[in-house]
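# Secondary and tertiary structure notes
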Amino acid sequence: MKRLTLLFGALLAAALCTLPTADAAAQPKPTKYNLCRKHPADGPYIVYDAKKGAYAATADKRGRVRVMPYGGGPVEVRSSRGAYLFSVTPHAVERGPRELPQAPKLFVTSDLHGDFRSFATLLQAHGVIDGDCRWSYGNNQLAVIGDIFDRGYDVLPLLWLMYKLEQEAADAGGAAVLLLGNHEGMVLAGDVRYTRGKYLETARQLGMENSANCFRPTRNSAAGSRPATRCCASAATSSYTRD
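What you see is a predicted model; the values in this text were computed from it and never measured. (Residues numbered from 1 in each chain as written. Predicted model: local features only at pLDDT ≥ 70, side-chain atom pairs only at ≥ 80, totals over all residues. Heavy atoms only, no water.)

## Looking at the overall build of the protein
Rules: Every helix listed is a DSSP run of H or I at least four residues long, and every strand listed is a run of E at least two residues long, numbered separately from the N terminus. Only protein chains enter the accessibility calculation, which uses a 1.4 Å probe; a residue is then buried when its area is under 20% of its type maximum, exposed when over 50%, and partly exposed in between. We call two residues in contact whenever any of their non-hydrogen atoms come within 4.5 Å of each other. Throughout, the Shrake-Rupley method with a 1.4 Å probe supplies accessible areas, and for residues the shown protein chains are the sole cover considered.
Looking only at helices and strands, the protein has 6 helices and 9 strands in total. The 243 residues of the protein split such that 46% are buried. Long-range pairs, those at least 24 residues apart, make up 72% of the contacts in the protein with a sequence separation of at least 6. Split by element, the accessible area of the protein, about 13000 Å² in all, is 52% carbon and sulfur.

Here it is in structure tokens:
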């Protein structure tokens, strides 16, 4: 069933998470990642709000978040240093199948940790995307098995790229799949010890500090398990290509 939401809906909410509201004494001390204020530029985030409608939120080079109404159309994605990377048009998506047929080629990687440049260079070197970040892998498959989140400065561009490639790959008869790793699980459960301060500050300015713990087990959850979002996987630490 199609949903008018972004591929990374749940991940986007988690990327905007900060520590849950609690007594100051119960709050863990900020880590070096939390305190880092380098490269504060962030966004664009496309937010669908029942009261405000759709809006785009972007943080400038000083970390100031600006919000503008979003009426649809292409979105420019830029790096944390302000460099143009690519454009993408938000589109409806649907939950992917649990299994995919074997493709002629399969490229697997993980642990991107906000490093857009390295990821793009890796994909270009293996013919997965072209110089404009467009899918060029035909009916083959790309699988990113977790850990896009944390440590780096370009987590959001990575999410936008995977969102764009999923559609482009499907149109070409291939597939681009993003799975959850342990760092996605950590942030979704409110553990932001490795999250850069820029993301925490964006969340604070947007009033989304309490978005954390969205996947924390509750009394009503079955056996204390997290809701299923596509698939969870323990991320490997290297890239793999099958010809």
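Now that the structure is up, let's keep going.
## With respect to helix α6 (residues 197-205)
All buried positions along α6 are accounted for by Gly197, Lys198, Tyr199, Leu200, Thr202 and Ala203. Of the residues flanking the end of α6, it is Gly207, one or two places downstream, whose phi is positive at about 70°.

## Focus: the environment of Lys29
Mapped onto the fold, Lys29 is located in the loop between α1 (9-15) and α2 (32-35). Distance in space between the C-alpha atoms of Lys29 and Arg193 is 8.9 Å, their sequence separation being 164 residues.

## So, the pairing of strand β1 (residues 42-49)
In the case of a regular strand, side chains alternate between the two sheet surfaces. Rules: At least two DSSP bridges between two strands are required for those strands to pair.
Counted residue by residue, β1 has 6 buried out of 8 residues, so it is predominantly covered. Here β1 pairs with strand β2 (residues 53-59) via 6 bridges, running antiparallel. Residue pairing for β2: Asp49 is matched across the bridge by Gly53. Hairpin geometry of β1 and β2 is characterised by an intervening segment of 3 residues between the two adjacent antiparallel strands.

## Some points on the packing of aromatic side chains
In plain terms, the rule: Ring pairs shown here join Phe, Tyr and Trp side chains whose ring centres sit within 6.5 Å, with only the six-membered ring taken for Trp; geometry is labelled stacked below 30 degrees between planes, edge-to-face above 60, and tilted in between. For a Lys NZ or an Arg CZ to count as sitting over a ring, it must be within 6 Å of the ring centre and within 35 degrees of the ring normal.
Across all of its chains, the model carries 3 aromatic pairs by this definition. When the ring of Trp135 is compared with that of Tyr137, the centres are 5.8 Å apart and the planes differ by 80°; the resulting orientation is edge-to-face. For the pair shown, Trp135 and Tyr137 are each scored as buried. Measuring from ring centre to ring centre gives 5.8 Å for Trp160 and Tyr163, while their planes differ by 70°; the resulting arrangement is edge-to-face. Of this pair, Trp160 and Tyr163 both sit in helix α4 (residues 155-171), 3 residues apart, which is roughly one turn of that helix. Lying across the ring of Tyr194, Arg151 places its NZ or CZ 4.8 Å from the centre. A cation sits over an aromatic face here: Lys164 above Phe86, 5.4 Å from the ring centre.

## Re the pairing of strand β7 (residues 141-144)
For clarity, the threshold we go by: Look down the strands so they point away from you; if the path from the first strand over the helix to the second goes clockwise, the crossover is right-handed.
Alternating positions in β7 separate into two faces, Gln141 and Ala143 on one and Leu142 and Val144 on the other, with burial throughout. Traced from strand β6 (residues 106-109) through helix α3 (residues 116-125) to β7, the parallel crossover comes out right-handed. Pairing between β7 and strand β8 (residues 175-178): 4 bridges, direction parallel. When the bridges of β8 are listed, Ala143 appears paired with Val177.

## Description of the packing of α3 against α4
How we decide: Axis lines are fitted to C-alpha atoms, over the contacting stretch for helices. Their N-to-C directions set the angle, which ranges from 0 to 180 degrees. The cut-offs work like this: below 35 degrees is roughly parallel, past 145 is roughly antiparallel, 65 to 115 is roughly perpendicular, and the gaps in between are oblique. Left-handed describes a crossing in which the near helix is turned anticlockwise from the far one by less than a right angle; the clockwise case is right-handed. Residues are grouped as follows: nonpolar covers Ala, Val, Leu, Ile, Met, Phe, Trp, Tyr, Cys and Pro; charged covers Asp, Glu, Lys and Arg; every other residue, Gly included, is treated as polar.
Running from N to C, α3 and α4 cross one another at 30°; their axes reach a closest spacing of 10 Å. One way to sum up the angle between α3 and α4 is to call them roughly parallel. When the axes of α3 and α4 are compared, the crossing they make is right-handed. Only Pro157, Leu158, Leu161, Met162 and Leu165 of α4 make contact with α3, whose side of the interface consists of Phe116, Phe119 and Leu123. Residue classes in the contact of α3 with α4 are distributed as 8 nonpolar, no polar and no charged.

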